[in-house]
Amino acid sequence: MPPGIALAADAPQLSAANTGFMLICSALVMLMTPALAFFYGGMVRVKSTLNMLMMSFISLGIVTILWVLYGFSLAFGTDKGSLIGWNGDFVGLSGIGVVELWDGYTIPIYVFAVFQLMFAILTPALISGALADRVKFTAWALFIALWVTIVYFPVAHWVWGTGGWAYDLGVIDFAGGTAVHINAGAAALGVILVIGKRVGFKKDPMRPHNLPLVMLGAGLLWFGWFGFNAGSWLGNDDGVGAVMFLNTQVATGAAMLAWLIYEKIRHGAFTTLGAASGAVAGLVAITPSGGAVSPLGAIAVGAIAGLLCAMAVGLKFKFGYDDSLDVVGVHLVGGIAGSLLVGFFATGGVQSDAKGLFYGGGLDQLGKQAAGVFGVLAYSLVVSALLAFLIDKTMGMRVAEDDEVSGIDQVEHAETAYDYSGAGGGSLPRSTSAPLATETAAAPATNKKVDA
């Protein structure tokens, strides 16, 4: 038999099952961006609700177009110096065959591209939670475009692209602990150090206005995260994706419980915000590690991350940086914890044979994980701060102080999240001397000095 025929017979064939599975996972990851919008939207004050929703939603438009034009090529094209990729056939996604397979897998390149696109969309949306109440929408849109081009696309190549320095080093990041969560968390810290604090930070109450919306967002994030994590194995043939699916559930539950226990001991109550935040902390931490640890290891990863993140969210008050919705405390700290814990809990029996310290692997894998963690953290922090500084000095990054106080929704979007004009049902005659409840409720919208 000619060698060419033998090779053709042995080559991967398109799998309808894996292709369908990955399309479903892609849709689940897409759902995570509007879920994040709900999660963040409920955590801000009434006057910032729509702006917070839009800061996530706009990423769906901007990043999608950039990904098609050049982002996929930069992230997953042929390696150039271990830092970036490039493939002319990927530019515009125009040189790809309909059934052309992603190298070494049984799914089309188009399916891989759309799955990774959803990660690229979600990552800058994560940053937005740190910047609530005070950023111009046009400046934010420009920041997204620049940030994904200069930071996200290269970092995705480092971590997941063949030839990327972290990939070749052996850094384990199953679904985005470094490329997504540390990347976004470090970027958030860099930007808020440049743009400064909200008006009234540490003085005015800035409580979430809609906790049911927060819980809805957290629940949808949890649901979508199964596609985010299990889908990152790009198939369903060997059981690794199933282990990741299980570990995602296990770690999330453990983190939520750990956060609530800490909260009860520290503050005396089990809060819904704590439950939602703890769940997200667990999801973040298991993202890099879930393909390397056992279910018992996932419990440890989740519990440790839940505790560390619960403790970390208070650091902003101690050190004076205004991380509005705890992106640094949850995503940066959770991503670091989950990535480094691979070096302790990796069993060597799931996604690879790499073993952590507790399974006889010594410190070798921990050292690799630390290199990936701090390399991505430093790059994202510095470049993100520089981008924010340049935007701030050219077009201005923040809204005016009076506009921030009166409400960024009305100023930036000419809308408000809740319309009270129909409340009350007209139960009082119009001739009464008492003002209608709707009139008093609507009054703050016209008073720039009222902090809704």
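Reading guide: rules and limits
- Residues numbered from 1 in each chain as written.
- Predicted model: local features only at pLDDT ≥ 70, side-chain atom pairs only at ≥ 80, totals over all residues.
- Heavy atoms only, no water.
- Helix = DSSP H or I, 4+ residues; strand = E, 2+ residues; numbered from the N terminus.
- Rg over C-alpha atoms; globule rule 2.2 N^0.38 Å.
- Buried < 20%, exposed > 50% of the residue type's maximum accessible area, 1.4 Å probe, protein only.
- Areas by Shrake-Rupley, 256 points an atom, 1.4 Å probe, with all protein chains shown as cover.
- Lys, Arg positive; Asp, Glu negative; His and termini not counted.
- Charge placed at Lys NZ, Arg CZ, Asp CG, Glu CD.
- Phe/Tyr/Trp six-rings, centres within 6.5 Å; stacked < 30°, edge-to-face > 60°.
- Core = buried A, V, L, I, M, F, W, Y, C linked by side-chain atoms within 4.5 Å.
- Contact = heavy atoms within 4.5 Å.
- Expected span 1.5 Å × (residues − 1).
- Axes fitted to C-alpha atoms, helices over the stretch in contact; angles between N-to-C directions.
- Parallel < 35°, antiparallel > 145°, perpendicular 65-115°, else oblique.
- Left-handed = near helix turned anticlockwise from the far one by under 90°.
- Nonpolar A, V, L, I, M, F, W, Y, C, P; charged D, E, K, R; others polar.
- Salt bridge = Lys/Arg side-chain N within 4 Å of Asp/Glu carboxyl O.

Notes on the overall build of the protein
A tally of helices and strands in the protein yields 17 helices and 2 strands. In terms of overall dimensions, the protein is globule-like: its C-alpha atoms have a radius of gyration of 23 Å, near the 22 Å expected for 452 residues. Oriented by its inertia axes, the alpha-carbon framework of the protein measures out at about 100 × 50 × 45 Å. Within the protein, buried positions represent 54% of all 452 residues. In the structure as shown, the protein presents an accessible area of about 18,200 Å², 67% of it carried by carbon and sulfur atoms. Distance between charge centroids for the protein: 14 Å, based on 21 positive and 28 negative side chains.

Observations regarding the packing of aromatic side chains
All chains considered together, the criterion is met by 27 aromatic pairs. A centroid spacing of 5.0 Å and a plane angle of 65° characterise the contact between Phe115 and Phe119, whose relative ring orientation is edge-to-face. Residue Phe115 and its partner Phe119 are both found in helix α4 (residues 109-127); the two are separated by 4 residues, about one turn of the helix. Taken together, a centroid distance of 5.6 Å and an interplanar angle of 50° make the contact between Trp158 and Trp165 tilted. The exposure class of Trp158 is buried, given its relative accessible area of 7%. By relative accessible area, Trp165 is classed as partly exposed at 26%. Put simply, the rings of Trp67, Tyr70, Phe72, Phe76, Phe90, Trp102, Phe112, Trp147, Tyr152 and Phe153 pair up and form one aromatic cluster.

Concerning the nonpolar core
If you look at the biggest cluster of nonpolar residues, it comprises 109 residues, and the most contacted ones within it are Phe39, Phe72 and Leu131. Counting residues per element, this core draws most heavily on helix α5 (residues 137-160), which supplies 15 residues. Ignoring any residue separated from it by four or fewer positions in sequence, one finds Leu131 in contact with Met55, Trp140, Val191, Ile192, Ile195 and Ser324. If you look at the next biggest cluster of nonpolar residues, it comprises 10 residues, including Val293, Val301, Ala305 and Leu341.

Looking at helix α13 (residues 327-345)
In an α-helix, one turn spans 3.6 residues; hence positions three or four apart end up facing the same way. Relative to the 27 Å expected for 19 residues at 1.5 Å per residue, α13 spans 25 Å between its end C-alpha atoms, a close match to the ideal helical length. The element α13 is extensively covered by neighbouring structure, given that 16 of its 19 residues are classed as buried.

Observations regarding the packing of α4 against α5
Following both chains from N to C, one finds α4 and α5 inclined at 125°, their axes separated by 10 Å at the closest point. Taken together, α4 and α5 sit at an angle that is classed as oblique. The handedness of the crossing between α4 and α5 is right-handed. Here Gln116, Phe119, Ala120, Thr123, Pro124 and Ile127 of α4 come into contact with α5, specifically with Trp140, Phe143, Ile144, Trp147, Val148, Tyr152, Phe153 and Trp160. Considered class by class, the residues forming the contact of α4 with α5 number 12 nonpolar, 2 polar and no charged.

As for the pattern of salt bridges
The final tally for this structure, using the stated rule, is 7 salt bridges. Put simply, Arg198 and Asp322 hold a salt bridge, and the shortest N to O gap is 2.8 Å. Of this pair, Arg198 sits in the loop between α7 (177-195) and α8 (211-230) while Asp322 is found in the loop between α12 (315-319) and α13, placing the two residues 124 residues apart along the sequence. The buried category is assigned to Arg198, whose relative accessible area is 9%. Judged by its relative accessible area of 1%, Asp322 is buried. Salt-bridge contacts for Lys316 lead to Asp326; the nearest nitrogen and oxygen are separated by 2.9 Å. In this pair, Lys316 is assigned in helix α12 and Asp326 in the loop between α12 and α13, connecting sequence segments 10 residues apart. In terms of burial, Lys316 and Asp326 fall into one category: buried. Because the salt bridges share partners, they merge into one network encompassing Arg45, Asp133, Arg134, Arg198 and Asp322.

What is shown is where atoms sit, not what they do.
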